[in-house]
Amino acid sequence: MAEPAYTRMQVDDRRRQLLELGAQLFARHSYAELSMARIAREAGISKALLYHYFPSKQELFVATLQAAAEDVRARTEPDPALPPAVALANSLDAFLEWVEQNDLAYRKLLESAGSVPEVGALIEEVRDRTSARILEGLGAGVTPQVRAATRAWLWFIDGAILDWLEHRDLDRAELGALLLGSLAGALSAAGAAELLPPPSARQGPRSPSSRSAPRP
């Protein structure tokens, strides 16, 4: 009975390795630039074996996106034991940390959102899920104004992060404070200022690692 379990572990390890390689390749190259033959060469396996795990390039691509989205979801899961505003601040800091560690993939993801339907669909799904989680965490009544403000803030986040990655003249904590302030302003404009208290009433980021790496 031990042999099938061992074989299964090998299969899982191989799939995980291919997903990790796929994420690296799709971050460095456009979808059109890559072929299954090239991916197989990069992986050091035959094209037939690659097709055994992923029947098409599209399926490999979607699987890498889903794995990345799951990683982000797990990292940013709010702590229910914390006050809602503090939990939100910690989740935001965890997301910014992920972006720091995967800046090239993040840029590529946003660049390809308009041209690759799978990317656009995944981003929309993540935004829907994230806005619902924010509203639930803050105890917000879902009025049209509050819903629109929260969803618009998620678009604002992407623009601010791209500016941050380009200029690197803010540290992560400063960017997080800016983003939380913008959400507070959006909620205030939506008539729900009480949902996010002023910064003086919140705690700081969850760890001293919130500062960006030294600038070049």
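Please refer to the structure placed before this passage.
Residues numbered from 1 in each chain as written. Predicted model: local features only at pLDDT ≥ 70, side-chain atom pairs only at ≥ 80, totals over all residues. Heavy atoms only, no water.

## Some words on the nonpolar core
Moving on, step 1. Counting 55 residues, the largest nonpolar core has Phe95 and Ile161 as the members making the most contacts within it.
Moving on, step 2. No other element matches the 9 residues that helix α8 (residues 144–167) contributes to this core.
Moving on, step 3. Beyond its immediate stretch of four places on either side in the chain, Phe95 contacts Val72, Thr76, Tyr106, Ile157 and Ile161. (Core = buried A, V, L, I, M, F, W, Y, C linked by side-chain atoms within 4.5 Å. Buried < 20%, exposed > 50% of the residue type's maximum accessible area, 1.4 Å probe, protein only. Helix = DSSP H or I, 4+ residues; strand = E, 2+ residues; numbered from the N terminus. Contact = heavy atoms within 4.5 Å.)

## Quick word on helix α9 (residues 172–189)
Moving on, step 1. For α9, which comprises 18 residues, the first-to-last C-alpha distance of 26 Å matches the rise-based estimate of 26 Å (1.5 Å per residue) to within 8%.
Moving on, step 2. Those residues of α9 that fall on the buried side of the exposure criterion are Arg172, Leu175, Gly176, Leu179, Leu180, Ser182, Leu183, Ala184 and Leu187.
Moving on, step 3. In this fold, the buried residues of α9 make contact with α5 (84–101), α7 (117–138) and α8.
Moving on, step 4. N-cap assignment for α9: the residue whose side-chain oxygen lies 3.0 Å from the backbone N of Ala173 is Asp171. (Expected span 1.5 Å × (residues − 1). Polar contact = N/O pair within 3.5 Å; in protein donor to acceptor, adjacent residues only side chain to side chain.)

## Remarks on a negative patch on the surface
Moving on, step 1. Judged by side-chain charge, Asp163, Glu166, Asp169 and Glu174 come together as a negatively charged surface patch.
Moving on, step 2. Residue position: Asp163 is located in helix α8. (Patch = residues over 30% accessible without salt bridge, like charges linked within 9 Å, V, L, I, M, F, W, Y side chains within 5 Å. Areas by Shrake-Rupley, 256 points an atom, 1.4 Å probe, with all protein chains shown as cover. Salt bridge = Lys/Arg side-chain N within 4 Å of Asp/Glu carboxyl O. Lys, Arg positive; Asp, Glu negative; His and termini not counted. Charge placed at Lys NZ, Arg CZ, Asp CG, Glu CD.)

## What about the side chain of Lys57?
Moving on, step 1. By the secondary structure assignment, Lys57 is in helix α4 (residues 57–75).
Moving on, step 2. Lacking a salt bridge, the buried Lys57 has Glu33 as its closest oppositely charged neighbour, with an N-O distance of 9.6 Å.
Moving on, step 3. Only 2.8 Å separates the side chain of Lys57 from the backbone oxygen of Tyr31, close enough to count as a polar contact.
Moving on, step 4. Sequence-distant contacts of Lys57, defined by excluding residues within four places in its chain, comprise Phe26, Tyr31, Ala32, Leu34, Ser35 and Met36.

## What to know about unusual backbone geometry
Moving on, step 1. Of note, the phi angle at Arg168 is positive, near 55 degrees, even though the residue is not glycine.
Moving on, step 2. Position of Arg168 among the secondary structure elements: in the loop between α8 and α9.
Moving on, step 3. Arg168 gets classed as partly exposed once you look at its relative accessible area, which sits at 23%.

## Quick look at the environment of Trp98
Moving on, step 1. The topology assignment puts Trp98 in helix α5.
Moving on, step 2. With a relative accessible area of 8%, Trp98 lands in the buried category.
Moving on, step 3. Each C-alpha atom, one on Trp98 and one on Ala68, is 10.0 Å from the other, the two residues being 30 residues apart in sequence.
Moving on, step 4. Filtering out sequence-adjacent residues up to four positions away, Trp98 remains in contact with Ala68, Asp71, Val72, Arg75 and Tyr106.

## Here's the deal with the environment of Gly139
Moving on, step 1. Counting through the fold element by element, Gly139 comes out in the loop between α7 and α8.
Moving on, step 2. A C-alpha to C-alpha distance of 7.5 Å links Gly139 and Leu195, two positions 56 residues apart in sequence.

## What to know about the packing of aromatic side chains
Moving on, step 1. By the definition in use, this model includes 5 aromatic pairs.
Moving on, step 2. Seen from their ring centres, Phe95 and Tyr106 are 6.3 Å apart, and the 70 degrees between their planes marks the pair as edge-to-face. A residue pair is termed long-range when its members are at least 10 positions apart, and Phe95 in helix α5 and Tyr106 in helix α6 (residues 103–111) qualify at 11 residues.
Moving on, step 3. On the basis of relative accessible area, Tyr106 is assigned to the buried category, the value being 3%.
Moving on, step 4. Ring pairs connect the aromatic residues Phe26, Tyr31 and Phe61, which therefore count as one cluster. (Phe/Tyr/Trp six-rings, centres within 6.5 Å; stacked < 30°, edge-to-face > 60°.)

## Describing the packing of α6 against α8
Packed helices, taken two at a time, are described by the angle their axes make and the gap between the axes.
Moving on, step 1. For the pair α6 and α8, the least separation of the axes is 11 Å and the interaxial angle reads 130 degrees. It follows that α6 is oblique to α8 by the angle criterion. The interaxial crossing formed by α6 with α8 has left-handed handedness. In contact with Asp103, Tyr106, Arg107 and Leu110 of α6, α8 contributes Ile157, Asp158, Ile161, Leu162, Leu165 and Glu166.
Moving on, step 2. Tallied by class, residues from the contact of α6 with α8 come to 6 nonpolar, no polar and 4 charged. (Axes fitted to C-alpha atoms, helices over the stretch in contact; angles between N-to-C directions. Parallel < 35°, antiparallel > 145°, perpendicular 65-115°, else oblique. Left-handed = near helix turned anticlockwise from the far one by under 90°. Nonpolar A, V, L, I, M, F, W, Y, C, P; charged D, E, K, R; others polar.)

## What to know about the pattern of salt bridges
Moving on, step 1. All chains considered together, the criterion is met by 14 salt bridges.
Moving on, step 2. One salt bridge in this structure joins Arg16 and Asp13, with 3.7 Å as the shortest N-O distance. Residue Arg16 and its partner Asp13 are located together in helix α1 (residues 2–28), separated by 3 residues, close to a single helical turn.
Moving on, step 3. Using a relative accessible area of 40% as the deciding quantity, one classes Arg16 as partly exposed.
Moving on, step 4. Salt-bridge contacts for Glu100 lead to Arg172; the nearest nitrogen and oxygen are separated by 2.6 Å.

Taken by themselves, the reported measurements are silent on function.
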